[in-house]
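The chain contents come next:
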There are 2 protein chains.
Amino acid sequence: MRVTLSALDTSETFFKPLVVLELARDVKEETRKWLEKKINDKKKNGGAQLLIRPLVEKCEEQTLESQNLYLVGASTVRLLLGAESVGLVKECNDNAMRAFTYETRQNFKGFSDDNDDFLTMAECQFIVKHELENLRARDEKMIPGYPQAKLYPGKSILRRLLTYGLVTQIFPLHDSEALKKLESTWYNRFKLKYQPLDGIRTYFGETIALYFGFLEYFTFALIPMALIGLPYYVFDWEDYDKYVIFASFNLIWSTVILEVWKRGCALMTYRWGTLLMKRQFEEPRPGFHGVLGINPITGREEPLYSSFKRQLRIYLVSLPFVCLCLYFSLYVMTIYFDLEAWAQDVHRESHFPELTNVLLFVPSIVYAVVIEVMNRLYRFAAEFLTSWENHRLESAYQNHLVLKVLVFNFLNCFASLFYIAFVMKDMKLLRQSLATLLITSQILNQIVETFLPYWLQRKHGLRVKKKVQALKADVDVTLYEQIILEKEKGTYLGTFDDYLELFLQFGYVSLFSCVYPLAAAFAVLNNLSEINSDALKMCKVFKRPFAEPSSSIGVWQLAFETMSVISVVTNCALIGMSPQLNAVFPDSKTDLILIVVAAEHALLALKFVLAFVIPDKPREIQVKLAKLEFESVEALKQQEENSDPEGYTQGENE
Amino acid sequence: MRVTLSALDTSETFFKPLVVLELARDVKEETRKWLEKKINDKKKNGGAQLLIRPLVEKCEEQTLESQNLYLVGASTVRLLLGAESVGLVKECNDNAMRAFTYETRQNFKGFSDDNDDFLTMAECQFIVKHELENLRARDEKMIPGYPQAKLYPGKSILRRLLTYGLVTQIFPLHDSEALKKLESTWYNRFKLKYQPLDGIRTYFGETIALYFGFLEYFTFALIPMALIGLPYYVFDWEDYDKYVIFASFNLIWSTVILEVWKRGCALMTYRWGTLLMKRQFEEPRPGFHGVLGINPITGREEPLYSSFKRQLRIYLVSLPFVCLCLYFSLYVMTIYFDLEAWAQDVHRESHFPELTNVLLFVPSIVYAVVIEVMNRLYRFAAEFLTSWENHRLESAYQNHLVLKVLVFNFLNCFASLFYIAFVMKDMKLLRQSLATLLITSQILNQIVETFLPYWLQRKHGLRVKKKVQALKADVDVTLYEQIILEKEKGTYLGTFDDYLELFLQFGYVSLFSCVYPLAAAFAVLNNLSEINSDALKMCKVFKRPFAEPSSSIGVWQLAFETMSVISVVTNCALIGMSPQLNAVFPDSKTDLILIVVAAEHALLALKFVLAFVIPDKPREIQVKLAKLEFESVEALKQQEENSDPEGYTQGENE
């Protein structure tokens, strides 16, 4: 991407805009100047030593609007030093991955002093974001011009500006050329092929690349299940032994694929360097508040909040609230089943079956809508509660939020199926409900998540284009247009919802797999198109997200593993209830149950043994990690052997 | 301890013997000289830079025997440098634990240049052992004088000497005074008190201190179970609801104590510095062999053995063999039950009941003996097989050995109980067998493990004393006598057998706890005396073992957790089978089973949730660890900010 806006060309030839900073419209000039200086200032003066330019120079303010937008960039050397301080891991000339340091830069593959491509644009943007967030107050007691916006030594200035609403947003710029290239290899073709995961990672960062990697892997992993499930549908097999085989295969298979994913994930993140990346010290999340005190870890003055109080809030408020919501969800479910029964009664006794036939669909539709509404309301409540729990770290906040949402969504989506399966014991109805839920939720998701925003986005884009062209300014407006367009796009809120969708899908496929073997086939079809629609969403609909390094899919691994444990229990129970199996033990139901329970325990034990026996990292990666560890130990020894510290030779002669 | 043997006094005033090295009787003079030189030589010449002296100088060889014994020591500075290279973690003046480095030695608590007590004797011995084991061949192709004993660059010389039988043993010296002090606070008193764990750690190292810590913790943790169990015995309670309460308490309790132990363990090992100690790069274990090749991790030439071949050996030979042994053990058990039934038949139909009454005991006695014999034979076979699997690392060898032995011992000890409980369904017999097995195994163990060796040891000690006194040499023979005495003592083979004993005890207590609530009380009594007898064993019976740093009880944590999971299953099954509970559901056995299974699943789920919710490390330790991490990140940043690398300011002006 070439910077062509005249305003930039005049002042600095090498300035490449990486990140856009939007201030509120009414920010005082004083504050503006102070912030600009802070960002520009040398590190030793407490600055970030980055480059910052207004998008529009003073002289042009009359013709172009949006004088609140600033472009942030950095010199190559500054970026390299930043790469060192965020702990970026890169490949060396001897093919090993090592933490980048500026001093040893010549050892790294693809590095030369006149090469700007060593760091990818996403990495540069991550570094700039990190540096901006680490811009800390020194002696300032408040943000100049806003005495209410208090600061204290060590407080992140950007976070205070954001919580105070003086900075409205900060986002990285798209790189149109690179994006086009990525799109052409990613989703524009209709033939099946692997996604360009390395390309996605280069452009969007590791967290998003891992999501797409997992989506692809999961889809491939479902294919065997789909293939084995197909004949059950085609030939209408109903023999219990065939079901047992199918369910057993599914249970082992789901364990194996989750374990193998860990290995594949380690391979990928090793290549990307994030497996080796040391976790940075986490700063308090923006919403965190408390009484000023000394942080026992950093020794700095910052707001503290007692962990005991937080535990009280979690166990005495959040936990009961979640339980209440779960109870309410179950209550709504029973109402649904009452309605359903009532509708069928009415239909049966009706004199106008054509009219009441429609009535039969009403309860399910109402219930589906209610579930959706409850999910959204609950999500809102969960976010409020988790935020009120006042977690110091973003990661802790995320974990508590994920846990709350997962439990509720799990119950909301599957409770009716559990009820049909284990209380009503109506397998026909179970199969039918499962199919309806799976297929409708998939179709709805794709429409709501991607195509609707894409369409809205497109309409807005055309409007902006027209407006910009109408300006007929004599400056080249490519960059200007791009930024105005991007700043209005929605923000991608992270991979949470995408993983949640996959998680629920995994539930539909595995929990009742022996009743509805076709589920896997539908899931595969959905995921093939999901890959495309998610890709479209990332490239076209949303602002470019900041790259986030991550070395695994985190808490989702645990969630999927838990689901696969639950599915062992449900499948064994379903098989135990099947009439075919009950016919084999006509006299003694007790024996049947004992055998099923024994089989279930054996399967669970096998799962744990498998998870234990399959190493989490492939041998190759283990060796590479061990090699790095060995290197650092050897380096230490070498140092010791070479140096002859004072007193050592003297000690020898004692 | 003062060195008083004249031979030492003459040559070096400051020499404090730490470790004894015994060579074979017929080692060539050439080899002796070479080894002495190697140990003495400077590091840069490939030596260990330690001090070595023969126990007996040439001139005294006529009066005193044992010219094959060498004393190894080191100067204070050498030891401090060694402490740095093994990565010892010590407390600093600001109460934080940090890895010791020679350069920053003044920051550490209790350090001053004229203070020899900074490192404990056990630490010094560990360092000397580490340095001796790291004495590596450079250009030597063989051990001088023994062309068959091949060497290659990087091969540990001591390991080659040991495998070749030229060095017969190497052991650390006791410190009689410190030992006496330790004994007086440890086990000489009869009143109940905490063990001096820090003292044990100082003298014996972390691995052994952790064992005693676990033993003590486990004993205390059993007390509530014992107390709750007592009234069941006293009042002869048989109500099923009381049993359910007892069993549920036990199951939750056993989960909680295992989780809490992890926290206590982290607290202790943080204080001892091993929690922070970086794992050293592990060398191949002595018995490892293979074809010379390039180690992918170190890049050095050393024997390699393909992991694929090892897997083949494990899965195609060891695994089937273990299964066969398990089958054989079960087969022997059925023979025992046949014998038992036959004996009872004979007794019932006998005309001489007094005579056949004795016959009734024969099967159990025979079976007990057979079990013991099988355990020992199997242990031998397991060691052979695991060694044949040719693991490169000692830790991998240990893990595979522990797994093999655990599975077999578990089956051997508990199979008959399982058979009685779930096949014969004879609760009276179960209670009786459980009591017999538990009590007899505890008594036998204490006699065989401790008092017998102690008695033998004592006899031998008196003999040596007499012999030494008979010499009437004119040198002070305290050290000489001590070493001659210690070298004949048995070697402590590690904590394996001690943990195994506790593990089986935990099985007796928890697996069938609802049938025999008194088990915990017996276990507590046993452990109180076990603490004393194990302490006696460590102090009097065995050679002093080398201190081994360790940060947890390792694989045993997993073993105990697995046992507690199994005990949930067995206890639920036992309660489900109880006649009292069956009387509640007279008509529908199916409902009963379903309820029991549901309760079991709920308990298992609760266990996993508890294990997940209770953090493995106390908050205090988490904060301390985070603080250290933060410090190192900050130090790096400081470095970056202070240095102005070439080209940076230049880059700024671009």
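Chain A carries the name Anoctamin in an unreviewed UniProt entry, which gives Vombatus ursinus as its organism. Word for word, the UniProt comment on chain A under Subcellular location (unreviewed entry) is "Membrane". Under the heading Sequence similarities (unreviewed entry), UniProt records this for chain A: "Belongs to the anoctamin family."

Enquirer: Explain the overall build of chain A residue by residue, including any values.
Expert: Helix and strand content of chain A: 22 helices and 10 strands. Seen along its three principal axes, the alpha-carbon backbone of chain A occupies a region of about 85 × 85 × 55 Å. Burial statistics for chain A: of 654 residues in total, 50% are counted as buried. Contacts spanning at least 24 positions in sequence make up 72% of the contacts within chain A whose residues lie at least 6 apart. For chain A, the computed accessible surface area is about 31,800 Å², with 62% contributed by carbon and sulfur atoms. In chain A, which carries 71 positive and 77 negative side-chain charges, the distance between the mean positions of the two groups comes to 4 Å.

Enquirer: Explain the pairing of strand E1 (residues 19-23) of chain A residue by residue, including any values.
Expert: Residues and elements named next belong to chain A. Counting buried residues along E1, 5 of its 5 residues qualify, which places the element largely inside the surrounding structure. Covered by surrounding structure in E1 are Val-19, Leu-21 and Leu-23 together with Val-20 and Glu-22, the residues of both alternating faces. Bridge count between E1 and strand E8 (residues 167-172): 5 bridges; the pairing is antiparallel. If you follow Glu-22 over to E8, its bridge partner there is Gln-169. Note that E1 and strand E3 (residues 69-73) share 4 bridges and pair antiparallel. Bridge pairing in E3 links Glu-22 to Leu-69.

Enquirer: Provide a residue-level description of the sheet that holds E1 of chain A, including the pertinent values.
Expert: Residue and element names in this part refer to chain A. Strand order across the open sheet formed by 4 strands is E2-E3-E1-E8, with antiparallel pairing between neighbours. Looking at strand neighbours, the two that pair on one side only are strand E2 (51-54) and E8, the edges of this open sheet. This sheet shows a mean twist of 20° between the axes of neighbouring strands, independent of strand direction.

Enquirer: Before we move on, could you go through the sheet that holds strand E1 (residues 19-23) of chain B and cite the residues and values that matter?
Expert: Residues and elements named next belong to chain B. If you trace the 4 strands from one edge of the open sheet to the other, you get E2-E3-E1-E8, paired in antiparallel fashion. Every interior strand has two partners, whereas the edge strands, strand E2 (51-54) and strand E8 (167-172), have only one. Neighbour to neighbour, the strand axes of the sheet diverge by 20° on average, direction disregarded.

Enquirer: Summarise the environment of Ser-552 of chain A; cite the residues concerned and give the values.
Expert: Residue and element names in this part refer to chain A. Residue placement: Ser-552 occurs in the loop between helix H17 (519-541) and helix H18 (555-577). Beyond its immediate sequence surroundings of up to four residues, Ser-552 is in contact with Leu-210 and Cys-265. A polar contact is formed between the side chain of Ser-552 and the backbone nitrogen of Gly-554, at a distance of 3.1 Å.

Enquirer: So what about unusual backbone geometry? Which residues, and what values?
Expert: All names here are of chain B. The residue Gln-49 is not glycine, and still its phi comes out positive at about 55°. Here Gln-49 is to be found in the loop between helix H2 (29-40) and E2. You can call Gln-49 buried: its relative accessible area is 5%. Of note in the backbone geometry, Asn-390 takes a positive phi value of approximately 60° without being a glycine. You can call Asn-390 buried: its relative accessible area is 1%.

Enquirer: So, helix H3 (residues 76-86) of chain A: which residues are in play, and what are the values?
Expert: Residues and elements named next belong to chain A. With respect to burial, H3 is a largely interior element, 9 of its 11 residues being buried. Within the span of H3, buried status applies to Val-77, Arg-78, Leu-79, Leu-80, Leu-81, Gly-82, Ala-83, Ser-85 and Val-86. Where H3 ends, the next residue or the one after it, Gly-87, has phi of about 80°, a positive value.

Enquirer: Could you give me a rundown of the environment of Lys-278 of chain B, with the residues and numbers involved?
Expert: Within the secondary structure, Lys-278 of chain B is located in the loop between helix H9 (240-272) and strand E9 (291-294). Considered as a pair, Lys-278 of chain B and Gly-87 of chain B are 191 residues apart in the sequence and their alpha carbons are 6.6 Å apart.

Enquirer: I'd love a proper account of the domain arrangement of chain A, names of residues and values included.
Expert: Residue and element names in this part refer to chain A. Examined at the domain level, chain A breaks down into domain 1 (19-173) and domain 2 (185-305 + 390-626). Each of domain 1 and domain 2 was reduced to a C-alpha centroid, and the two centroids are 34 Å apart. In this assembly, 38 residues from domain 1 lie in contact with 35 residues from domain 2. With both sides pooled, the region where domain 1 packs onto domain 2 buries about 3,200 Å², and carbon together with sulfur makes up 63% of that total. Taken as a group, Met-97, Tyr-152 and Leu-173 account for 18% of the area that domain 1 buries against domain 2, more than any other trio of residues on that side.

Enquirer: Can you break down the packing of aromatic side chains residue by residue, with the values?
Expert: This model, assessed by the stated rule, comprises 75 aromatic pairs over all chains. Aromatic pair Phe-337 of chain A and Tyr-419 of chain A: ring centres 4.4 Å apart, planes at 35°, arrangement tilted. A residue pair is termed long-range when its members are at least 10 positions apart, and Phe-337 of chain A in helix H10 (residues 307-349) and Tyr-419 of chain A in helix H13 (residues 394-424) qualify at 82 residues. Assessed through its relative accessible area of 9%, Phe-337 of chain A is described here as buried. For Tyr-419 of chain A, a relative accessible area of 28% gives the class partly exposed. Pairing Tyr-217 of chain B with Trp-261 of chain B gives two aromatic rings, centres 5.4 Å apart and planes at 40°, and the pair type is tilted. With Tyr-217 of chain B in helix H8 (residues 206-234) and Trp-261 of chain B in helix H9, this pair connects stretches of sequence that are 44 residues apart. A cation sits over an aromatic face here: Lys-90 of chain A above Phe-118 of chain A, 5.1 Å from the ring centre. Over the face of the ring belonging to Trp-388 of chain B we find Arg-313 of chain B, whose NZ or CZ atom lies 4.3 Å from the ring centre.

Enquirer: Got a sec to walk through the pairing of E9 of chain B? Specific residues and values, please.
Expert: All names here are of chain B. With 4 bridges connecting them, E9 and strand E10 (residues 301-304) associate as antiparallel partners. Each residue of the ladder has a partner; that of Val-291, found in E10, is Leu-304. The hairpin formed by E9 and E10 contains 6 residues between the paired strands, and Gly-299 there has a positive phi angle of roughly 75°.

Enquirer: Could you give an account of the UniProt feature "transmembrane region" (unreviewed entry) in chain A, naming the residues involved and the relevant values?
Expert: All names here are of chain A. The residues that UniProt annotates with the feature "transmembrane region" (unreviewed entry) are residues 208-231, 243-261, 314-337, 357-378, 401-422, 434-456, 502-525 and 592-614. Across residues 243-261, the secondary structure splits into 100% helix and 0% strand, with the terminal C-alpha atoms separated by 26 Å. Regarding residues 357-378, the helix share stands at 91% and the strand share at 0%, and the terminal C-alpha atoms are separated by 33 Å.

Enquirer: I'd like a rundown of the environment of Gly-154 of chain B, residues and numbers included.
Expert: Residues and elements named next belong to chain B. Note that Gly-154 resides in the loop between strand E7 (146-150) and helix H5 (157-163). In this structure the C-alpha to C-alpha distance between Gly-154 and Asn-526, which are 372 residues apart in sequence, comes to 48 Å. In this structure, Gly-154 is in contact with Arg-136 and Ala-137, ignoring residues within four places of it in sequence.

Enquirer: Mind laying out the confidence of the model for chain A, listing which residues take part and the relevant values?
Expert: Close reading of the predicted structure is inappropriate where its pLDDT is low. Residues and elements named next belong to chain A. Overall, the prediction assigns chain A a mean pLDDT of 83, with 90% of residues at 70 or greater. The model gives residues 1-12 a pLDDT under 50, and that stretch makes 32 contacts with residues more than four places away or in other chains. With pLDDT under 50 throughout, residues 644-654 is counted as low confidence; its partners more than four residues away or in other chains account for 16 contacts. Among the scores for the predicted complex, ipTM is 0.82 and pTM is 0.85.

Enquirer: Describe helix H2 (residues 29-40) of chain A, and please don't skip the residues or the numbers.
Expert: Residues and elements named next belong to chain A. With 12 residues, H2 ought to run about 16 Å at 1.5 Å a step, and its terminal C-alpha atoms sit 16 Å apart, in line with that. Within H2 the residues assigned to the buried category are Thr-31, Arg-32, Trp-34, Leu-35, Lys-38 and Ile-39. Around the axis of H2, the buried residues are gathered within 165° of arc, so they sit on the same side.

Definitions and cut-offs
- Residues numbered from 1 in each chain as written.
- Chains lettered and ligands numbered in written order.
- Predicted model: local features only at pLDDT ≥ 70, side-chain atom pairs only at ≥ 80, totals over all residues.
- Heavy atoms only, no water.
- UniProt positions renumbered as here; feature names shortened; annotations may be inferred.
- Helix = DSSP H or I, 4+ residues; strand = E, 2+ residues; numbered from the N terminus.
- Buried < 20%, exposed > 50% of the residue type's maximum accessible area, 1.4 Å probe, protein only.
- Contact = heavy atoms within 4.5 Å.
- Areas by Shrake-Rupley, 256 points an atom, 1.4 Å probe, with all protein chains shown as cover.
- Lys, Arg positive; Asp, Glu negative; His and termini not counted.
- Charge placed at Lys NZ, Arg CZ, Asp CG, Glu CD.
- Pairing = 2+ DSSP bridges.
- Axes fitted to C-alpha atoms, helices over the stretch in contact; angles between N-to-C directions.
- Polar contact = N/O pair within 3.5 Å; in protein donor to acceptor, adjacent residues only side chain to side chain.
- Domains from an automatic or database assignment.
- Buried area = accessible area lost by both parts, 1.4 Å probe.
- Phe/Tyr/Trp six-rings, centres within 6.5 Å; stacked < 30°, edge-to-face > 60°.
- Lys NZ or Arg CZ within 6 Å of the ring centre and 35° of its normal.
- pLDDT = per-residue confidence, 0-100.
- Expected span 1.5 Å × (residues − 1).
- Arc of directions from axis to C-beta.

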